Amino acid sequence: MKEAATMTTERLNIVEIDPEAYKSMYAMEKYIHRGSLGEDLLGLVKIRASQINGCAYCLDMHGREAREAGVDNRRLDVLAGGKPSHCSASANRRPLR
């Protein structure tokens, strides 16, 4: 089976452009991972934010992360509709709005 093509678009290097912004983003990333949402729900939240921002690079990255965290493809498929669905547990619907 052939591997899916990866996104090769050159990205801006935030560490070079604005190191302080990167430090803040990294601190926030560490903070949210210490919380109680779980890696699967964090993955879905990041995908939803990327959908809203229209960032294909981030959608690809966070989709991979969500799958690695155990989110099944059906949940990812219905999330593309832009709203939580019957596939989402009620506790997971609010963060995805």
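The model shown is predicted, which means the values in this text are computed figures rather than measured ones.

**Some remarks on the confidence of the model for the protein**
In low-pLDDT segments, the atomic positions of the prediction should not be examined closely. Summarising the model, the protein shows a mean pLDDT of 81, and 74% of its residues fall at 70 or more. For the protein, per-element mean pLDDT is lowest for helix H6 (residues 90-93), which scores 52, and highest for helix H4 (residues 56-68), which scores 93.

**Focus: the layout of surface pockets**
By volume, the largest pocket is sized at about 690 Å³. If you trace the largest pocket, you find 20 residues lining it, with Met 25, Glu 29, Cys 58, Met 61 and His 62 closest to the centre. When residues of the lining of the largest pocket are traced back to their parent elements, those giving at least two are helix H2 (19-33), helix H3 (39-53) and H4. For the lining of the largest pocket, the element with the most residues is H2, which contributes six residues. Split by residue class, the lining of the largest pocket holds 13 nonpolar, three polar and four charged.

**Some points on the pattern of salt bridges**
The final tally for this structure, using the stated rule, is three salt bridges. The shortest N-O distance in the salt bridge between Glu 20 and Lys 23 comes to 3.2 Å. With a gap of three residues between them, Glu 20 and Lys 23 both fall in helix H2, about one helical turn apart. Like Lys 23, Glu 20 is exposed.

**Side note on the packing of aromatic side chains**
For the structure shown, the criterion picks out one aromatic pair. Ring geometry for Tyr 22 against Tyr 26: centres 6.0 Å apart, planes inclined by 15°, an arrangement best described as stacked. One end of the pair is Tyr 22 and the other is Tyr 26, both in helix H2 and four residues apart, which spans about a single turn.

What counts and what doesn't
- Residues numbered from 1 in each chain as written.
- Predicted model: local features only at pLDDT ≥ 70, side-chain atom pairs only at ≥ 80, totals over all residues.
- Heavy atoms only, no water.
- pLDDT = per-residue confidence, 0-100.
- Helix = DSSP H or I, 4+ residues; strand = E, 2+ residues; numbered from the N terminus.
- 1 Å grid on protein atoms, 1.4 Å probe; cavity = no way out; pocket = protein on both sides within 12 Å on 5 of 7 lines; lining within 4 Å.
- Points joined across faces, edges and corners; volume = space filled by probe spheres on them.
- Nonpolar A, V, L, I, M, F, W, Y, C, P; charged D, E, K, R; others polar.
- Salt bridge = Lys/Arg side-chain N within 4 Å of Asp/Glu carboxyl O.
- Buried < 20%, exposed > 50% of the residue type's maximum accessible area, 1.4 Å probe, protein only.
- Phe/Tyr/Trp six-rings, centres within 6.5 Å; stacked < 30°, edge-to-face > 60°.

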